[in-house]
Amino acid sequence: MTVLEKMSVPRTEAGRRGSNRRKRSPLGSKWTPYLFLAPGAIFILVFQAVPLAQEVYLSFTRTSLLNPTRSRWVGFDNYVRIFSDEDFHRTLITTIIYVIACVVGAVGSGLVVAMLLDKGFRGRGVARALVTVPWAAPGIAVALIATWMFNNQYGIVNRFLNAVGLGLPGGAILDSPRYALPAILATTIWQLFPFTSVVLLSALQSVPQDLMEAATMDGAGRWATFREVTWQVIKPVVGLLALLMTIWSLRRFELIWLMTKGGPVGATKTLVIDLYSQAFDSRELGTAAAIGMVGVIISLMVIAASRFVARAAEKEGIR
Amino acid sequence: MRKQRIGRSVLAATSAVVVATAFAAGCTSDNGPESDDGVITVTFAASTFGDPGRGPALLDLLDEFNKSQDKIRVAAAAVPFPTFGQTVLTQMGSGLGPDLIRFDMPEFAAASDAGLLAPLDELIDVSQYNLHQQPDKFMFADGVRYGIIFEASNYALFYNADLIPEPPKTYEEFFQIAKDLTNGDTYGLAFRQTEAEMAGVWQDIFNYVYGFGGAWSDGEKLTINSPKNLEGLLKYQELYDANVIPRGADAATFRRMFAEGKVGMEINNGGYVTATRGQNPELNFSVAPIPFPVRSQGAILAPIVINEASPAKEAAAEFIKWVLQPENQVKLQEILGASSVATVTQRSAQSLAETPFLTVFDDLTDTSLPHVVLGFEAKTPEIRQVVVENVIAALQGTIDMKTALDRAQEQALALVS
């Protein structure tokens, strides 16, 4: 009897009883999943949706931190003001540069490290454990230590650069509009690459070995094997990591604030730093909320783009 | 059976919701004064509680008040200086915050303008105290008193007397000594010059502006880009460009370097005499007036204020009245070192023998000004930000100092209009 034939046969009483026994479970109500989701949904509603709605409202008002309950509706004034401010344009560009460099740097270096750790060598277990140390270190500790490492007079980075003949004028790194952002990027990528390397290592280990061997036997070189076999398997993971790194980089605060506070001269001022500065230095909650909304919109655009790319890849059957 | 299933499911989900609600309810807190056996607890926030040297002594003073009576207990809350204004004003803006606060002037002006401070006229009768007139006149907003001076600390030149036998008397001598002393890891001078220490940079450049005859305003109009301001700040930049300072070092670092004999001079306020001694009792240092053309410099005026939202205003006022008693003013001044207090006091022969240069600080009181933009006190934090950002841009070479001050003037005018 085929499946279709089975399905068209009227069920007997015994069959129905059996079927009911299979369907019957202690939590069989159709509302049960929703009831179990309720606590999480309430949490999200109370601690995320409500603050988000408040932020949207604040972004259309003039509100001082010193009198947060007294808001004056100003419509799109805050948005017009920030978008007509050249400093804000620079902040947007700095944010984009920071995010792209973080994503490329963290994922790229993570992939290189993962590929190295995928090979067999003595002490690989120890190496794999040590690689996670930067990720495990608290962000504040990393920021403070990095600040000292980049110190003009006493930092080891300057001592090293001077020793190899690449000394910078005055040793200024975090004080220099030119070098401050690269220094922050280096610190950020150093902290992020362990996470990406661990995730990519597990992805690499899921690449079927027989496919690799078949490619080698067909005469494919290392690059061709990587491109046609390894990359095709790990691409979805890379995509997910890129999305996560993008969102986290957009939100990164403590590293930048502790190292440079967005300076010098706004060279490391990202959206989050600008938001904090507007809210707590200038005490303009409305302007800060408008900047926050710009960040939210950028994040949503990134997520939408990522979903679009993923769906397009699915349709092409690459996955 | 279906009813049983629904009942169990509803029970499970309801339990989860109740737990979540209980958790949320547990996160709330009330704001009344703690009253344990009739004792009212009053919190007092000050950045100086964390100062090396003075902090423990200030805490001892609070203990002394607490032991002197059994109705009020003052509890200290130490908040670091760089984030003090932000932290406390955020709390006060949302109707919370400590009962007593030792503010710096820019934050005092912003808080009084926003109605966050309790008027003191009805809580404290100041007519019975012999207050220092010059600093006290800045304790008012629209004719209402909102603060009483807790500490008035004038800026002067600290110098290492072993490296510099005679202090400089002119800017030219000052510059030359700074250059001559700079060698290897030793620097002739130190001052704050990074955006990370914005409030400190403002205090430092204040001395250069006023010391060369400039001013941020004339009381009615902003004068940020005046020629005298430019002259003073060009001198500040000249010292920066001459590499006579440890660039990038924050205040905590270069003050330790001064205590260790690695920095020859720094312009600092009297509050740091005790801290410097604490870091190195063997250091042979002295103090002289800042060697700029005009005898006018900044002063850390730190008023003690009462939070308008405090439910224990009378108790807080009792502490202030206790501090204003003559014997306690002397004790406070001994703790603060070279600073003045609210009232006129007589320094003891012993303290003068230990620290002969205390009179240098005292003599500067009548020519010292608080770090606010006169006439625009409440807007000082925002004006400070635009000025410091632009001055640092000039130090970095992004723009010249004249353009920096012109831009600061323009941006500040937009802020105050």
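In this text, all values refer to a predicted model and were calculated from it rather than measured experimentally.

Topic: the overall build of chain B
And then number 1: The secondary structure content of chain B amounts to 16 helices and twelve strands.
And then number 2: By principal-axis analysis of the C-alpha atoms, chain B measures approximately 95 × 50 × 45 Å.
And then number 3: When burial is assessed residue by residue, chain B has 48% of its 417 residues classed as buried.

Structural notes on the overall build of chain A
And then number 1: Looking only at helices and strands, chain A features 15 helices and two strands.
And then number 2: Its C-alpha radius of gyration of 27 Å places chain A more than 25% over the 20 Å reference for a compact globule of 319 residues.
And then number 3: The principal-axis extents of the C-alpha atoms in chain A amount to approximately 85 × 65 × 35 Å.
And then number 4: The proportion of buried residues among the 319 residues of chain A is 29%.
And then number 5: Of the contacts made within chain A by residues no fewer than 6 positions apart, 67% connect residues no fewer than 24 positions apart.

Details of unusual backbone geometry
And then number 1: The peptide bond linking glycine 263 of chain A to proline 264 of chain A adopts the cis configuration, its omega dihedral lying at -5 degrees.
And then number 2: Along the polypeptide, proline 264 of chain A turns up in the loop between helix 13 (254–259) and helix 14 (271–281).
And then number 3: In this structure, aspartate 142 of chain B is a non-glycine residue whose phi angle is positive, near 55 degrees.
And then number 4: As for its position among the elements, aspartate 142 of chain B is in the loop between strand 5 (140–141) and strand 6 (144–145).

Considering the nonpolar core
And then number 1: Counting 171 residues, the largest nonpolar core has Val42, Leu189 and Ala190 of chain B as its most contacted members.
And then number 2: Ranked by the residues each element gives to this core, the list is headed by helix 5 (residues 86–118) of chain A, at eleven residues.
And then number 3: Sequence-distant contacts of alanine 190 of chain B, that is, excluding residues within four places in its chain, are made with Ile245, Pro246, Ala249, Phe254, Met257, Phe258, Val263 and Glu266 of chain B.

With respect to the packing of helix 3 (residues 84–93) of chain B against helix 4 (residues 105–113) of chain B
All names here are of chain B.
And then number 1: For the pair helix 3 and helix 4, the least separation of the axes is 11 Å and the interaxial angle reads 10 degrees. For the element pair helix 3 / helix 4, the angle class is roughly parallel. You can see that helix 3 and helix 4 cross each other, and the crossing is right-handed. Of the residues in helix 4, those touching helix 3 at Gly85, Leu89 and Met92 are Glu107, Ala110 and Ala111.
And then number 2: Of the residues contributing to the contact of helix 3 with helix 4, the split by class is four nonpolar, one polar and one charged.

Quick notes on helix 8 (residues 227–241) of chain B
Residue and element names in this part refer to chain B.
And then number 1: Over its 15 residues, helix 8 extends 20 Å from the first C-alpha to the last, a length consistent with the 21 Å expected when each residue adds 1.5 Å.
And then number 2: Restricting attention to buried positions, one finds in helix 8 the residues Asn229, Leu230, Gly232, Leu233, Tyr236, Leu239 and Tyr240.
And then number 3: The inward-facing, buried residues of helix 8 abut helix 6 (171–181), strand 8 (187–190), helix 7 (198–211), helix 15 (380–395) and helix 16 (401–416).
And then number 4: Looking at the residues trailing helix 8, positive phi occurs at asparagine 243, about 60 degrees.

Some details on the packing of helix 15 of chain B against helix 16 of chain B
Residues and elements named next belong to chain B.
And then number 1: Taken N-terminus to C-terminus, the directions of helix 15 and helix 16 make an angle of 160 degrees; their axes are 8 Å apart at the nearest point. One element, helix 15, and the other, helix 16, form an angle in the roughly antiparallel class. Where helix 15 crosses over helix 16, the two elements pack in a sense that is right-handed. Only Met401, Ala404, Leu405, Arg407, Ala408, Gln411, Ala412 and Leu415 of helix 16 make contact with helix 15, whose side of the interface consists of Glu382, Ile383, Val386, Val387, Asn390, Val391, Ala393 and Ala394.
And then number 2: A class-by-class count of the residues in the contact of helix 15 with helix 16 yields twelve nonpolar, two polar and two charged.

Structural notes on the pairing of strand 2 (residues 39–46) of chain B
Residue and element names in this part refer to chain B.
And then number 1: Of all the eight residues making up strand 2, six are buried; the element is thus mostly covered by neighbouring parts of the structure.
And then number 2: The pairing of strand 2 with strand 3 (residues 72–78) spans seven bridges and is classified as parallel. Among the inter-strand pairings, phenylalanine 44 is bridged to a residue of strand 3, identified as alanine 76.
And then number 3: Examined bridge by bridge, strand 2 and strand 4 (residues 100–102) share two bridges and lie parallel to one another. Bridging across to strand 4, phenylalanine 44 finds its partner in leucine 100.

Details of the pairing of strand 1 (residues 61–64) of chain A
On any regular strand, side chains alternate: one points to one face of the sheet, the next to the other face.
And then number 1: Sheet topology note: the strand 1 of chain A/strand 2 (residues 67–73) of chain A ladder contains four bridges and is antiparallel. Bridging across to strand 2 of chain A, serine 64 of chain A finds its partner in asparagine 67 of chain A.

Topic: helix 9 (residues 251–259) of chain B
And then number 1: By the burial criterion, the buried members of helix 9 of chain B are Ala251, Phe254, Arg255, Met257, Phe258 and Ala259 of chain B.
And then number 2: Count one or two residues on from helix 9 of chain B and you reach glycine 261 of chain B, which has phi positive near 80 degrees.

Points about the domain arrangement of chain B
All names here are of chain B.
And then number 1: Domain parsing of chain B yields domain 1 (35–152 + 300–367) and domain 2 (155–298 + 371–416).
And then number 2: Spacing between the C-alpha centres of domain 1 and domain 2 amounts to 26 Å.
And then number 3: When contributions to the side of domain 1 that touches domain 2 are tallied by element, the ones reaching two or more residues are helix 4 and helix 14 (358–363).
And then number 4: With five residues, the single largest contributor to the side of domain 1 that touches domain 2 is helix 4.
And then number 5: The residue makeup of the side of domain 1 that touches domain 2, split by class, is 13 nonpolar, five polar and four charged.

What about the confidence of the model for chain B?
Residues and elements named next belong to chain B.
And then number 1: Per-chain confidence: chain B averages 89 in pLDDT, with 91% of residues scoring 70 or above.
And then number 2: Long-range and interchain partners of residues 22–31, a stretch whose pLDDT sits below 50, account for three contacts in this model, where long-range means more than four residues apart.
And then number 3: Reported confidence for the predicted complex is 0.75 by ipTM and 0.79 by pTM.

Structural notes on the environment of threonine 260 of chain A
And then number 1: You can see threonine 260 of chain A is positioned in the loop between helix 13 and helix 14.
And then number 2: By the C-beta count within 10 Å, which is 26 here, threonine 260 of chain A ends up buried.
And then number 3: Sequence separation of threonine 260 of chain A and alanine 143 of chain A is 117 residues, and the distance between their C-alpha atoms is 9.7 Å.
And then number 4: Ignoring any residue separated from it by four or fewer positions in sequence, one finds threonine 260 of chain A in contact with Leu174, Ala180, Ile184 and Thr268 of chain A together with Ala196 of chain B.

Criteria and thresholds
Residues numbered from 1 in each chain as written. Chains lettered and ligands numbered in written order. Predicted model: local features only at pLDDT ≥ 70, side-chain atom pairs only at ≥ 80, totals over all residues. Helix = DSSP H or I, 4+ residues; strand = E, 2+ residues; numbered from the N terminus. Buried ≥ 20, exposed ≤ 12 C-beta atoms within 10 Å, placed from the backbone. Rg over C-alpha atoms; globule rule 2.2 N^0.38 Å. Contact = placed C-beta atoms within 7 Å. Core = buried A, V, L, I, M, F, W, Y, C linked by C-beta atoms within 7 Å. Axes fitted to C-alpha atoms, helices over the stretch in contact; angles between N-to-C directions. Parallel < 35°, antiparallel > 145°, perpendicular 65-115°, else oblique. Left-handed = near helix turned anticlockwise from the far one by under 90°. Nonpolar A, V, L, I, M, F, W, Y, C, P; charged D, E, K, R; others polar. Expected span 1.5 Å × (residues − 1). Pairing = 2+ DSSP bridges. Domains from an automatic or database assignment. pLDDT = per-residue confidence, 0-100.

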